[in-house]
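Inside the fold
For reference, the chains in residue letters:
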Amino acid sequence: MKNPVIELKNLGHRYAGTWALHRLSLQIDEGEVVAILGPNGCGKTTLLKILATRLAPTCGEGTLLGHPLSETAPIRKGVKWLGHELGLYKALTAEENLDFFAKISGQKILGRQLDILLEKVGLQKNRREKVAAFSTGMKKRLSLARILMENPQILLFDEPHTNLDQEGKKRMSTLILERKKAGCTVLFSSHDHPETIPLCDKILALNHGRLVYFGPPGQIPKDVIL
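Residues numbered from 1 in each chain as written. Predicted model: local features only at pLDDT ≥ 70, side-chain atom pairs only at ≥ 80, totals over all residues. Heavy atoms only, no water.

Moving on, we get to the pattern of salt bridges. Within the structure shown, the criterion is met by eleven salt bridges. One salt bridge in this structure joins Lys80 and Glu150, with 2.9 Å as the shortest N-O distance. Taken together, the residues Lys80 in strand E6 (residues 79-82) and Glu150 in the loop between helix H5 (136-148) and strand E7 (154-158) connect sequence positions 70 residues apart. Residue Arg141 is joined to Glu167 by a salt bridge in which the shortest nitrogen-to-oxygen separation is 3.9 Å. Here the residue Arg141 occupies a position in helix H5, and Glu167 occupies one in helix H6 (residues 166-181), the gap between them amounting to 26 residues. Residue classification places Arg141 among the buried residues on the basis of a relative accessible area of 11%. Among the charged side chains, a network of salt bridges with common partners joins Glu95, Asp115, Arg127 and Arg128. (Salt bridge = Lys/Arg side-chain N within 4 Å of Asp/Glu carboxyl O. Helix = DSSP H or I, 4+ residues; strand = E, 2+ residues; numbered from the N terminus. Buried < 20%, exposed > 50% of the residue type's maximum accessible area, 1.4 Å probe, protein only.)

Take a look at the structure:
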């Protein structure tokens, strides 16, 4: 029996007089990879921010890992968000950033664990370089290592493959599938369909803030605009 980790009922959000997300109802199970697709302004980032508890919904309700959206503290322990703001300290090196974030989250990261994390994201050769000298793609890889360090139950990405070269995209896809295999649920927005659709169990398609499709990638109706 599948274990639902995200449940939404009539969830909506309005900016001024405009509905960015309109009465969304769905359920996502443990270990599923779900791509949120749709044109610019369709509500993808709004949905992710609500799930990350960075934005309160205007209406409706939802639970993540059994907690209502209003219970931000327990949700943020199990749910990690990687958006466009990468939250790194430029004056610190790659390994100093990871060591710092481990300490403030109450973890102790051992040398071998650090090696494995940096190897996974392809930054082992840059571990002692200051982040100020990193490209945007390298910063994104380091931010990914930072959230993987906390072994989240749900991962949320806003455009995970953006600003990455081909090697970086391949590593990102591999890590998403590794996390799925470990039972982690992954949701991400994307315009990079060739890179992301093959990773998915389900597609969540939005248009003008409304849900227009939720189901397997191979069954998307032809009239759904992605």
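With that settled, consider a nonpolar patch on the surface. Taken together, the side chains of Tyr89, Phe100 and Ile104 present a nonpolar region at the surface, about 300 Å² in accessible area. By the secondary structure assignment, Ile104 is in helix H3 (residues 94-104). (Patch = residues over 30% accessible without salt bridge, like charges linked within 9 Å, V, L, I, M, F, W, Y side chains within 5 Å. Areas by Shrake-Rupley, 256 points an atom, 1.4 Å probe, with all protein chains shown as cover.)

In this section: the environment of Tyr213. With respect to the helices and strands, Tyr213 occurs in strand E10 (residues 210-215). Taking C-alpha positions, Tyr213 is 21 Å from Pro57, a pair spaced 156 residues apart along the chain. Once residues within four sequence positions are removed from consideration, Tyr213 is found in contact with Ile203, Leu204, Ala205, Gln219, Ile220, Pro221 and Val224. (Contact = heavy atoms within 4.5 Å.)

Bringing the sheet that holds strand E5 (residues 67-68) into the picture now. In space, the four strands of this open sheet follow the order E2-E1-E4-E5, with antiparallel pairing throughout. In this open sheet, the two strands that pair with only one neighbour each are strand E2 (18-29) and E5. Across eight bridges, the pairing between strand E1 (residues 4-15) and E2 is antiparallel. In the sheet register, Ile6 faces E2, and the bridge partner there is Ile28. Contacts between helix H1 (residues 44-51) and the sheet are confined to E1, E2 and strand E4 (59-64), with E1 contributing the most and set at about 120° to the helix. (Pairing = 2+ DSSP bridges. Axes fitted to C-alpha atoms, helices over the stretch in contact; angles between N-to-C directions.)

Positive phi values are uncommon outside glycine, yet Arg23 reaches one of about 45°. Mapping Arg23 onto the fold places it in strand E2. For Arg23, a relative accessible area of 51% corresponds to the exposed category. A positive phi angle, close to 60°, is found at Thr53, a residue other than glycine. Mapping Thr53 onto the fold places it in the loop between H1 and E4. The class for Thr53 is buried, based on a relative accessible area of 10%.

Here E1 folds back onto E2, and the loop between the two strands holds two residues, one of which, Ala16, carries a positive phi near 55°. Taken together, the five bridges between E1 and E4 define a ladder with antiparallel strand orientation. Considered in E4, the bridge of Gly12 is made with Cys59.

Turning next to the sheet that holds E10. As summarised here, the arrangement of the six strands in space is E6-E7-E8-E3-E9-E10, forming an open sheet in which the pairing is mixed. Edge strands, defined here as strands with exactly one partner in the open sheet, are E6 and E10. If you compare each strand with its neighbour and ignore which way they point, the axes differ by 15° on average. Pairing geometry for E6 and E7, over four bridges, is parallel. The residue bridging Lys80 from the neighbouring strand is Leu155, located in E7.

Such coordinate-based values are descriptive only and should not be taken to indicate function.
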